[in-house]
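Here is how the chains run, residue by residue.
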Amino acid sequence: MPTIEVARRLAILPQSSIAPTGLGELVEQRRYPHAGPLRMLRRQDHQAIEEALTLTGLTTFRQRALDTLSGGERQRAWIALALAQATHILFLDEPTTFLDIGHQLEVLHLVQRLNRERGITIVMALHDLNQAARFANTMVVLKNGKIVKQGKPADILNGSLLAEAFAVQAYIVRDPVTNAPFCIPYGSLPE
């Protein structure tokens, strides 16, 4: 499949990215696979950019420099970049890295809304098992690049999986708000 066609179908947000200085300029970048002749943005491109900024709550920040945004705002800006691409699949590599817990939840709730309300398929790498269990419909646990187990968090997240995949001992309890499994590690196992 040609690169331009892949870009029209799939958006990827890598773990670390280099960006232009302005938020508006950043979000415009992902419309280029859809742009007209000479990569000129058309009305539908500007509409997609506006929708991405609205969905992420960033319309008032359009003219701001990225380095003036908070960590959560900056991460939402990167998600807006991917959303402007207007794909049905969104890959996110550690979208909550380096964020405080409030901003982590802000980003995860946004991603959850995009999935539920917009029908966007989200594939997300997370190292926080509790966040993955709370926000994922399906978890895939990897060890050395190989799948150890996959399925609904309530079906697969247990002490034996944590011992096998991560060499940790843990209690699994239920999250009192979501009833998702919640991992409380208490010891390490020899590998």
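You'll find the structure just up there.
Residues numbered from 1 in each chain as written. Predicted model: local features only at pLDDT ≥ 70, side-chain atom pairs only at ≥ 80, totals over all residues. Heavy atoms only, no water.

(A) Main features of the overall build of the protein. Along the protein, the regular secondary structure elements total 8 helices and 7 strands. Burial status across the protein gives 40% buried among its 191 residues. Once local pairs closer than 6 in sequence are excluded, the contacts in the protein between residues at least 24 apart make up 52%. (Helix = DSSP H or I, 4+ residues; strand = E, 2+ residues; numbered from the N terminus. Buried < 20%, exposed > 50% of the residue type's maximum accessible area, 1.4 Å probe, protein only. Contact = heavy atoms within 4.5 Å.)

(B) Expanded view of the pairing of strand 3 (residues 121-125). The pairing of strand 2 (residues 89-93) with strand 3 spans 5 bridges and is parallel. Of the residues in strand 3, the one forming a bridge with Leu 92 is Met 124. Between strand 2 and its parallel partner strand 3, the chain crosses via helix 5 (residues 101-118), and the hand of that crossover is right-handed. (Pairing = 2+ DSSP bridges. Right-handed = clockwise from strand over helix to strand, strands pointing away.)

(C) Representation of the pattern of salt bridges in the model. Within this structure, the stated rule accounts for 4 salt bridges. Arg 118 is paired through a salt bridge with Glu 51; the nearest N and O atoms lie 2.2 Å apart. One end of the pair, Arg 118, is in helix 5; the other, Glu 51, is in helix 3 (residues 43-55), with 67 residues separating them in the sequence. Relative accessible area serves as the criterion here: at 35%, Glu 51 is assigned to the partly exposed category. The partner of Arg 113 in a salt bridge is Glu 117, with the nearest N and O atoms 3.9 Å apart. Linking Arg 113 with Glu 117, this pair stays in helix 5, spanning 4 residues, or about one helical turn. (Salt bridge = Lys/Arg side-chain N within 4 Å of Asp/Glu carboxyl O.)

(D) Looking closely at helix 8 (residues 159-166). Taken residue by residue, helix 8 has Leu 161, Leu 162 and Ala 165 as its buried positions. End-on, the buried residues of helix 8 take up no more than an arc of 95°, which puts them together on one face. Against the buried residues of helix 8 lie helix 6 (129-135), strand 4 (139-143), strand 5 (146-151), helix 7 (153-156), strand 6 (168-174) and strand 7 (181-188). Phi turns positive, to about 55°, at Ala 167, one or two residues after helix 8. (Arc of directions from axis to C-beta.)

(E) Spotlight on the layout of surface pockets. Reported here for the largest pocket is a volume of approximately 860 Å³. Lining the largest pocket are 31 residues, and of these Met 124, Ala 125, Leu 126, Ala 132 and Val 140 sit closest to its centre. Of all elements in the fold, only strand 2, helix 5, strand 3, helix 6 and strand 4 reach the threshold of two or more residues within the lining of the largest pocket. Its residues assigned to classes, the lining of the largest pocket shows 19 nonpolar, 8 polar and 4 charged. (1 Å grid on protein atoms, 1.4 Å probe; cavity = no way out; pocket = protein on both sides within 12 Å on 5 of 7 lines; lining within 4 Å. Points joined across faces, edges and corners; volume = space filled by probe spheres on them. Nonpolar A, V, L, I, M, F, W, Y, C, P; charged D, E, K, R; others polar.)

(F) Highlighting the nonpolar core. Core analysis: the biggest nonpolar cluster contains 23 residues, and Ile 79, Leu 83, Leu 90 and Leu 114 have the highest contact counts within it. Secondary-structure elements contributing two or more residues to this core are helix 3, helix 4 (71-84), strand 2 and helix 5. Core analysis: the second largest hydrophobic core is formed by 15 residues, Leu 126, Met 139, Val 141 and Leu 161 among them. (Core = buried A, V, L, I, M, F, W, Y, C linked by side-chain atoms within 4.5 Å.)

(G) Broad picture of a nonpolar patch on the surface. There is a patch of nonpolar side chains on the surface, built from Tyr 171, Val 173, Phe 182, Ile 184 and Tyr 186 and spanning about 480 Å² of accessible area. With 3 residues, the single largest contributor to the nonpolar patch is strand 7. Here Tyr 171 shows up in strand 6. (Patch = residues over 30% accessible without salt bridge, like charges linked within 9 Å, V, L, I, M, F, W, Y side chains within 5 Å. Areas by Shrake-Rupley, 256 points an atom, 1.4 Å probe, with all protein chains shown as cover.)

(H) Highlighting helix 4. Compared with an ideal rise of 1.5 Å per residue, which puts 14 residues at 20 Å, helix 4 spans 20 Å between its outermost C-alpha atoms and is within 8% of the ideal. Most of helix 4 sits out of view: 12 of its 14 residues are buried. Taken together, the buried positions of helix 4 are occupied by Gly 72, Glu 73, Gln 75, Arg 76, Ala 77, Trp 78, Ile 79, Ala 80, Leu 81, Ala 82, Leu 83 and Ala 84. Ala 86 occupies a position one or two residues after helix 4 and carries a positive phi of about 55°. (Expected span 1.5 Å × (residues − 1).)

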